[in-house]
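# Examining the three-dimensional arrangement
Listed below are the residues making up each chain.
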Amino acid sequence: MTARLLIVGPQGSGKGTQGVRIAEAFGVPVVSTGDIFRANITQGTKLGKKVTAILDKGDLVPDKLTGEIVRDRLSQPDAEPGFLLDGYPRNAAQVKDLDAFLTAQGASLDAVILLEVPREESMARLQLRATEQGRTDDTPEAIAHRLDIYENETAPIVDAYGSRGIVERIDGVGGLDEITERIFAALAARGLDRVVA
Ligand code: AMP
């Protein structure tokens with residue numbers, strides 16, 4: 001069985017944490033564009049140097065560059081049984097790019113997990129993360145900017161997937177395990193069963 005999944009939610013919704021749990025349970029890799037960019041910045045690669053200032057401001061890396069990175073990652077053998085995308089696609093152009101890539105392989109997304117968390121709650125969680133992890137893009141300005149981009153560009157992509165009937169809206173407020181269970185239940189109801197208990 002393959003599981004091609006996407007998790008969407010505002011920054012601070014806990015999608016990173018939930019994404020790792022889901023991917024493990026389904027035996028697929030997490031493909032997080034944010035993680036890929038941060039790893040490149042830390043390692044000082046050419047790509048990292050190109051995107052540092054963009055990430056610090058909370059802006060989006062150009063679609064073309066991001067698309068190349070995602071296609072390359074999804075073409076690796078470990079993504080054959082599926083993947084859990086986190087942070088991509090983030091706007092309408094990226095949805096189109098991903099569609100073209102998957103269609104060419106005769107594939108499509110099986111489910112989009114939408115983790116819903118009110119803006120105030122995301123802000124509070126992000127500010128906490130800023131003090132705990134010291135991420136350079138967790139300044140109040142960058143946080144607000146990223147949430148604006150989410151509301152203006154990313155939230156609307158859910159409509160595009162919604163019309164395909166693959167969106168699962170999950171209440172992202174509650175305990176971590178409770179939320180994980182909500183996600184597993186919603187996926188199971190679609191016939192998407194985890195391979196690891
Ligand atoms: P994240 O870890 O998903 O919050 O992403 C951190 C930052 O990486 C974002 O604020 C963007 O600057 C960049 N980024 C991550 N994913 C994308 C994407 N799909 N398109 C463009 N930029 C991205």
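Residues numbered from 1 in each chain as written. Predicted model: local features only at pLDDT ≥ 70, side-chain atom pairs only at ≥ 80, totals over all residues. Heavy atoms only, no water.

Under the annotation held in an unreviewed UniProt entry, the protein carries the name Adenylate kinase and is attributed to Microbacterium pseudoresistens. Under the Pathway (unreviewed entry) heading, UniProt states for the protein: "Purine metabolism; AMP biosynthesis via salvage pathway; AMP from ADP: step 1/1." The UniProt entry for the protein carries this comment under Sequence similarities (unreviewed entry): "Belongs to the adenylate kinase family." (UniProt positions renumbered as here; feature names shortened; annotations may be inferred.)

## A word on the side chain of Asn40
Position of Asn40 among the secondary structure elements: in helix H2 (residues 33–43). In this structure the side chain of Asn40 is engaged in a polar contact, spanning 2.7 Å, whose partner is the side chain of Thr45. (Helix = DSSP H or I, 4+ residues; strand = E, 2+ residues; numbered from the N terminus. Polar contact = N/O pair within 3.5 Å; in protein donor to acceptor, adjacent residues only side chain to side chain.)

## Brief notes about the packing of aromatic side chains
On inspection of all chains with the given rule, the structure shows one aromatic pair. Ring geometry for Phe26 versus Phe184: centroids 6.5 Å apart, planes at 45 degrees, classification tilted. Taken together, the positions of Phe26 in helix H1 (residues 15–26) and Phe184 in helix H9 (residues 176–188) put the pair 158 residues apart, joining distant regions of the chain. By the burial criterion, Phe26 is buried, and Phe184 matches it. Here the basic side chain of Arg194 rests over the ring of Phe184, its NZ or CZ set 4.0 Å away from the ring centre. (Phe/Tyr/Trp six-rings, centres within 6.5 Å; stacked < 30°, edge-to-face > 60°. Buried < 20%, exposed > 50% of the residue type's maximum accessible area, 1.4 Å probe, protein only. Lys NZ or Arg CZ within 6 Å of the ring centre and 35° of its normal.)

## Topic: the nonpolar core
Counting residues in hydrophobic clusters, the biggest one holds 22 residues, and the most contacted among them are Leu74, Leu85, Leu98, Leu109, Val112 and Tyr161. Among the elements that make up this core, the one with the highest residue count is helix H5 (residues 92–104) (four residues). Apart from the residues lying within four places of it in its own chain, the contact partners of Leu74 are Val31, Ala79, Phe83, Leu85, Leu98 and Phe101. If you look at the next biggest cluster of nonpolar residues, it comprises 19 residues, including Val28, Leu115, Ala186 and Leu187. (Core = buried A, V, L, I, M, F, W, Y, C linked by side-chain atoms within 4.5 Å. Contact = heavy atoms within 4.5 Å.)

## Overview of the site of the ligand
Taken together, 16 residues lie near the ligand, and Thr33, Arg38, Asp59, Gly87 and Gln94 sit nearest. Here a nitrogen atom of the ligand sits 2.8 Å away from a polar atom, N or O, in the main chain of Gly87. Calculation on the ligand without its partners gives an accessible area of 480 Å², and the protein chains cover 97% of this total. Counting residues per element, the shell around the ligand draws most heavily on H2, which supplies four residues. (Near = heavy atom within 4 Å. Areas by Shrake-Rupley, 256 points an atom, 1.4 Å probe, with all protein chains shown as cover.)

## A few points about the packing of H1 against H9
Two measures define how a pair of helices packs: the angle their axes make with one another and the distance between the axes. As a packed pair, H1 and H9 sit with axes 10 Å apart at the nearest point and diverge in direction by 50 degrees. When the axes of H1 and H9 are compared, the pair comes out oblique. The two elements H1 and H9 cross, and the hand of that crossing is right-handed. Facing Thr17, Gln18, Arg21, Ile22, Ala25 and Phe26 of H1, the residues of H9 in contact are Leu176, Asp177, Ile179, Thr180, Ile183, Phe184 and Leu187. (Axes fitted to C-alpha atoms, helices over the stretch in contact; angles between N-to-C directions. Parallel < 35°, antiparallel > 145°, perpendicular 65-115°, else oblique. Left-handed = near helix turned anticlockwise from the far one by under 90°.)

## As for the UniProt feature "binding site: AMP" (unreviewed entry) in the protein
The UniProt feature table records "binding site: AMP" (unreviewed entry) at Thr33, Arg38, Asp59, Leu60, Val61, Gly87, Tyr88, Pro89, Arg90, Gln94, Arg135 and Arg146. For the annotated residues, spread through 114 residues, the largest C-alpha to C-alpha distance comes to 25.1 Å, inconsistent with a single compact locus. Residue placement: Leu60 occurs in the loop between helix H3 (46–57) and helix H4 (63–74). Not counting residues up to four positions away in its chain, the partners in contact with Leu60 are Ile54, Arg90, Asn91, Ile149 and Glu153. As for its placement among the helices and strands, Gly87 is situated in the loop between strand E3 (82–86) and H5. Under the relative-accessibility criterion, Gly87 is labelled buried at 12%. Other than its neighbours up to four places away in sequence, Gly87 contacts Ile7, Lys15 and Thr33.

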